[in-house]
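Each chain, letter by letter, is given below.
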Amino acid sequence: MGGRNYLVAFLVSVPIIISLSSSVLGMQHKQSATIHITNSMPKGSGPMQVRCKSSHTDYGMHLVDEGDGYRCDVRERALYYCMAISGRRVASWHAFQPRRDGNRKAVYWLLKDDGIFLSWDNSSWVRKSMWETE
Ligand SMILES: *[C@@H]1O[C@H](CO)[C@@H](O)[C@H](O)[C@H]1NC(C)=O
């Protein structure tokens, strides 16, 4: 009798635990942020190559035309680096940094002739990094 009661308790609790943990995972998923990158280099610069990665995720290299954008998800709350190559210039920067970016939904980056600019609202920009020449 006792063993059967344990079995019933087990069978009842497993689905509850599964649904609780999936709702926690769902919340984490909703909180995840997006990295937006815009190529605002001068006309004639040609497409740039952009690559973003964390220690667990690598989105690979993407070509981004002048005036176009690229975006990728922050899947785990970890540091994400992006790097860009435009002609003979190279930049690499912290595209998502948990301590800096907190619970913000979006981190915007403008890649311009005079540097790499951060915004959280896609409107006010602060320069965070510079291009280097290969
Ligand atoms: C950011 O703002 C620019 C200029 O208003 C707009 O063209 C672009 O679509 C916006 N980007 C995003 C990801 O909302």
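Computed from a predicted model, the values in this text were never measured in an experiment. (Residues numbered from 1 in each chain as written. Predicted model: local features only at pLDDT ≥ 70, side-chain atom pairs only at ≥ 80, totals over all residues. Heavy atoms only, no water.)

Help me understand the pattern of salt bridges in this model?
Working definition: two side chains of opposite charge can pair if their charged atoms are close together. On inspection of all chains with the given rule, the structure shows three salt bridges. Measuring nitrogen to oxygen at the nearest pair gives 2.5 Å for the salt bridge that ties arginine 51 to aspartate 58. Note that aspartate 101 and arginine 100 form a salt bridge whose closest N and O atoms lie 2.8 Å from each other. Residue classification places arginine 100 among the buried residues on the basis of a relative accessible area of 19%. (Salt bridge = Lys/Arg side-chain N within 4 Å of Asp/Glu carboxyl O. Buried < 20%, exposed > 50% of the residue type's maximum accessible area, 1.4 Å probe, protein only.)

Any chance you could explain the sheet that holds strand β5 (residues 80-86) here in plain terms?
Strand pairing in a sheet takes place through backbone hydrogen bonds and is either antiparallel or parallel in direction. Here we have five strands laid out as an open sheet, ordered β3-β2-β5-β6-β10, and antiparallel in their pairing. The sheet terminates laterally at β3 (58-64) and β10 (132-133), the two strands that pair on one side only. Strand direction decides the pairing type here: strand β2 (residues 48-53) and β3, joined by five bridges, are antiparallel. Its bridge partner being in β3, glutamine 49 is matched across the sheet by leucine 63. (Pairing = 2+ DSSP bridges. Helix = DSSP H or I, 4+ residues; strand = E, 2+ residues; numbered from the N terminus.)

Before we go on, may I ask you to explain the site of the ligand in this structure?
Close to the ligand lie His36, Tyr108 and Asn122. At 2.3 Å, a side-chain N or O of asparagine 122 approaches an oxygen atom of the ligand. Its free accessible area being 360 Å², the ligand has 29% of it covered by the protein chains. (Near = heavy atom within 4 Å. Polar contact = N/O pair within 3.5 Å; in protein donor to acceptor, adjacent residues only side chain to side chain. Areas by Shrake-Rupley, 256 points an atom, 1.4 Å probe, with all protein chains shown as cover.)

Would you mind showing me how to read unusual backbone geometry here?
Glycine aside, negative phi is the norm for most residues, and most peptide bonds take the trans geometry. Within the chain, asparagine 122 stands out as a residue other than glycine whose phi angle is a positive 60 degrees. Inspection of the secondary structure puts asparagine 122 in the loop between β8 (115-119) and β9 (126-129).

Honestly, the state of the cysteines in this entry has me stumped. Any pointers?
Tallied over the full model, the rule gives one disulfide. Cysteine cysteine 72 is unpaired, with the sulfur of cysteine 52 as its nearest cysteine sulfur at 4.0 Å. We classify cysteine 72 as buried; its relative accessible area is 4%. (Disulfide = S-S within 2.5 Å.)

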